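Close look at the chain arrangement
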Amino acid sequence: MSVVVLGVGGGIAAYKVCHVVRGLAEQGHEVHVVPTRAALEFVGRPTWEALSGHPVHTEVFDDVPSVEHVRLGERADLVLVAPATADLLARIAAGRGDDLLTTTILATTAPVVVAPAMHTAMWLNAATQDNVATLRRRGIVVKDPADGRLTGPDNGPGRLPEAAELVDLARTVLADPSCATAMASRDLAGRRLVVSAGGTREAIDPVRYLGNSSSGRMGLAIASQAADRGADVTLVAAHLEVPVPSGMRVVPVTSTEDLAAAMDAEAPTADAVVMAVAAADFAPEPAGTKIKKHEGTDAVGDTMSLPLTQTPDVLARICAHPVPGRVVVGFAAETAPDRAELLDLAVAKLSRKGCDLLVVNDVSAGKVFGRADTDVTLVRQQGPGRRVIGSKSQAATAILDEIHSLLAN
Ligand code: CTP
């Protein structure tokens with residue numbers, strides 16, 4: 001269990017942060033909410049106290065005997081600030097300590113993640129952008145706001161990302177604080193990543209399809225962290241069971257054929273391609289009208305067969321047209337009796353497909369699909385494999401670290 005200090009700034013998006021408190025508490029973290037005075041205009045103290053189960057203070061003088069302004073920062077494993085208003089960003093950048101939240105940020109040595117939310121014009125203002133650059137230079141993670149509908153009739157960048165996305169980000173940084181350094185320094189800035197994710201669906205007739213159990217979580221974790229590390233991310237999205245995070249362009253696809261067409265368009269200009277999608281290897285010829293069952297009680301037990309045709313191997317096709325300097329990452333879901341055989345299969349698949357990195361996981365007895373936790377081994381053309389047992393976000397961090405190092409070489 002980790003200690004999270006959740007700073008809340010005075011913006012309308014403060015209401016969304018109630019779900020962040022709940023999400024972090026449900027994961028077993030000890031959450032201390034530190035709102036600014038203005039934040040309490042939007043959501044009152046009792047709400048924060050009830051959701052977090054801890055007393056809530058805003059001022060340095062609220063609980064002098066406990067020296068709260070230093071103690072909270074010392075105890076924190078993570079300080080997450082959401083929403084960070086333009087004023088709060090300016091106060092943090094200036095090193096002010098005029099309330100409990102800013103003194104806590106000054107006193108902590110834990111990673112600090114801030115999620116700004118404000119009107120687009122305020123976000124794009126040169127003063128705000130300078131403050132964001134200052135915070136990033138100092139190692140603070142600044143999550144880019146989402147693009148979309150703002151409080152009034154306007155649209156643009158400035159929305160607070162959804163609560164689940166902020167909870168995931170907190171979880172990622174808590175699991176591996178080194179990724180806060182990668183995010184703050186934007187180590188993938190200037191790189192274009194194309195990530196495919198989810199499971200394809202192959203139409204049988206207008207209402208039925210052949211699908212698979214991929215939830216898309218692994219690919220989304222990679223895409224989301226890559227965006228947080230400054231990459232320009234395109235998500236080629238087959239069927240997903242979880243919402244798409246903010247900060248990426250989305251190209252929706254249904255079948256493996258659609259996927260092949262999308263990758264033909266996207267992959268040639270990418271710096272890195274990550275094929276996390278679970279694509280069907282075989283597809284039926286779709287019937288134009290709904291296939292009817294046989295009538296009559298004596299039809300029970302009748303069989304019907306569906307001829308399937310092999311689809312293009314999209315990953316192999318991408319690798320067959322190499323682009324100098326581009327990194328291609330494949331995935332392999334294998335069922336092997338033991339680890340040695342799993343690695344043998346991975347090495348054979350890596351050379352067969354011709355990619356730079358293969359992420360292999362053991363899916364025996366449904367071990368991985370749809371779950372938050374995973375056990376993957378990262379196999380490169382040269383060198384020993386690297387095993388990651390943990391959350392999909394930890395696996396995503398390791399995969400992006402490998403991509404970063406392959407791109408640097
Ligand atoms: N893949 C692809 N096109 C397909 C099938 C798979 O690009 N038609 C990609 C997946 O996105 C993944 C990798 O290939 O990155 C490995 O997929 P997998 O199904 O494990 O490998 P296959 O080559 O289909 O081998 P197997 O016969 O062992 O399933």
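Residues numbered from 1 in each chain as written. Predicted model: local features only at pLDDT ≥ 70, side-chain atom pairs only at ≥ 80, totals over all residues. Heavy atoms only, no water.

**Remarks on the overall build of the chain**
As a reminder of what qualifies: A helix here means a DSSP run of H or I that spans at least four residues, while a strand means a run of E at least two residues long, and both kinds are numbered starting from the N terminus. Only the C-alpha atoms count toward the radius of gyration. The rule for a globule is 2.2 Å times the residue count to the power 0.38. Classification of residues uses two cut-offs on accessible area relative to the type maximum, computed with a 1.4 Å probe and protein chains only: under 20% is buried, over 50% is exposed, and between them is partly exposed. Contacts were defined at the residue level, with two residues in contact if any of their heavy atoms lie within 4.5 Å.
What the chain contains, in helices and strands, is 15 helices and 19 strands. Taken against the 2.2 N^0.38 rule, which gives 22 Å for 409 residues, the C-alpha radius of gyration of the chain at 24 Å falls within 12% of a compact globule. When the backbone C-alpha atoms are referred to their principal axes, the chain occupies close to 80 × 55 × 40 Å. Expressed as a percentage of the 409 residues in the chain, the buried residues total 53%. Sequence-distant contacts, at least 24 apart, represent 69% of the contacts inside the chain between residues at least 6 apart.

**Comments concerning the side chain of Asn 131**
Here Asn 131 lies in helix α8 (residues 126-137). For Asn 131, a relative accessible area of 18% puts it in the buried group. In this structure, Asn 131 is in contact with Leu 89, Ala 90 and Ala 93, ignoring residues within four places of it in sequence.

**Digging into the packing of helix α9 (residues 163-175) against helix α10 (residues 178-185)**
Our working definition: Axes here refer to lines fitted to C-alpha atoms; in helices the fit is confined to the stretch in contact. Angles between the N-to-C directions go from 0 to 180 degrees. When an angle is under 35 degrees it counts as roughly parallel; over 145 it counts as roughly antiparallel; between 65 and 115 it counts as roughly perpendicular; any other value is oblique. Basically, the charged four are Asp, Glu, Lys and Arg, the nonpolar ten are Ala, Val, Leu, Ile, Met, Phe, Trp, Tyr, Cys and Pro, and anything else, Gly included, counts as polar.
Where α9 contacts α10, the axes come no closer than 6 Å and their chain directions differ by 120°. Relative to α10, the element α9 is oriented oblique. Residues Leu 169, Thr 172 and Val 173 of α9 touch α10, and the partners they reach there are Cys 179, Ala 180 and Met 183. A class-by-class count of the residues in the contact of α9 with α10 yields five nonpolar, one polar and no charged.

**Considering the packing of helix α5 (residues 86-93) against helix α6 (residues 100-107)**
Put simply, the test is: Take the far helix as the reference: if the near one is turned anticlockwise from it by less than a right angle, the crossing is left-handed, and if turned clockwise, right-handed.
Between α5 and α6, the least distance of the axes is 10 Å, while the angle of their chain directions is 40°. By the angle between their axes, α5 is oblique relative to α6. For α5 against α6, the interelement crossing comes out right-handed. For the pair α5 and α6, the contacting residues are Leu 88, Arg 91 and Ile 92 in the first and Leu 101, Thr 102 and Ile 105 in the second.

**Overview of the domain arrangement of the chain**
Put simply, the test is: By convention here, the domain bounds are inherited from an automatic or database domain assignment. Put simply, buried area is the surface a 1.4 Å probe can reach on two separate parts but cannot reach once they are joined, added for both. Two N or O atoms form a polar contact when they lie within 3.5 Å of each other; inside protein one atom must be a possible hydrogen donor and the other a possible acceptor, and for residues adjacent in sequence the pair counts only when both atoms belong to side chains.
Once the domains are mapped, the chain shows domain 1 (3-185) and domain 2 (192-283 + 307-408). The gap between the C-alpha centroids of domain 1 and domain 2 is 33 Å. Taken together, the contact between domain 1 and domain 2 spans 12 residues of the former and 11 residues of the latter. When domain 1 packs against domain 2, the two sides together hide about 1000 Å² of surface, and 50% of this comes from carbon and sulfur. Summed over the three residues of domain 1 that lose the most area to domain 2, namely Glu 165, Arg 171 and Met 183, the buried surface amounts to 38% of that side. Counting across the interface, domain 1 meets domain 2 through three residue pairs in polar contact (both at pLDDT 80 or more).

**Section: the site of the ligand**
As a reminder of what qualifies: Being near a molecule or strand, for a residue, comes down to having at least one heavy atom within 4 Å of it. Using the Shrake-Rupley algorithm and a 1.4 Å probe, accessible areas are obtained, with residue cover drawn only from the displayed protein chains.
Surveying the vicinity of the ligand reveals 17 residues, the closest of which are Met 275, Val 277, Leu 315, Phe 331 and Lys 353. In the environment of the ligand, an oxygen atom lies 2.8 Å from a nitrogen or oxygen atom belonging to the backbone of Phe 331. Lys 353 is positioned such that a nitrogen or oxygen atom in its side chain is 2.6 Å from an oxygen atom of the ligand. Burial of the ligand by the surrounding chains reaches 77%, relative to a free accessible area of 570 Å².

**Description of the sheet that holds strand β3 (residues 78-84)**
Quick note on the threshold: Pairing between strands is defined by DSSP: at least two bridges between the two strands are required.
Taken together, the five strands give an open sheet; going across it, the order is β2-β1-β3-β4-β5, and neighbouring strands pair in parallel fashion. A strand with exactly one partner marks an edge of an open sheet, and here the two such strands are β2 (30-35) and β5 (141-142). Contacts from helix α4 (residues 68-75) reach β1 (3-8) and β2 within the one sheet, and its direction differs from that of β2 by about 140°.

**Quick notes on the pairing of β3**
The element β3 is extensively covered by neighbouring structure, given that seven of its seven residues are classed as buried. For β1 and β3, the ladder comprises four bridges, and the chain directions are parallel. Bridge pairing in β3 places Gly 7 opposite Val 81. Here β3 pairs with strand β4 (residues 112-116) via four bridges, running parallel. Bridge pairing in β4 links Val 79 to Val 112.

**Thoughts on the pattern of salt bridges**
Quick reminder of the rule: Salt bridge, as used here: a side-chain nitrogen of Lys or Arg that lies within 4 Å of a carboxyl oxygen of Asp or Glu.
Applying the stated criterion to the full structure yields 22 salt bridges. Arg 229 is the salt-bridge partner of Asp 401, the closest N and O atoms lying 2.9 Å from each other. Taken as a pair, Asp 401 in helix α15 (residues 392-408) and Arg 229 in the loop between α11 (217-228) and β11 (232-237) lie far apart in primary sequence, 172 residues in all. For Asp 401, a relative accessible area of 26% translates into the label partly exposed. Classification of Arg 229 by relative accessible area gives buried; the value is 1%. Through salt bridges with shared partners, one network takes in Asp 87, Arg 91, Arg 96, Asp 98 and Asp 99.

**Considering helix α1 (residues 14-26)**
The condition that has to hold: Under the convention used throughout, the expected extent of a helix is 1.5 Å for every residue step, that is, one less than its residue count.
Relative to the 18 Å expected for 13 residues at 1.5 Å per residue, α1 spans 19 Å between its end C-alpha atoms, a close match to the ideal helical length. Within α1, the full set of buried residues consists of Ala 14, Lys 16, Val 17, Cys 18, Val 20, Val 21, Gly 23 and Leu 24. Residue Gly 28 follows α1 closely and has a positive phi angle near 95°.

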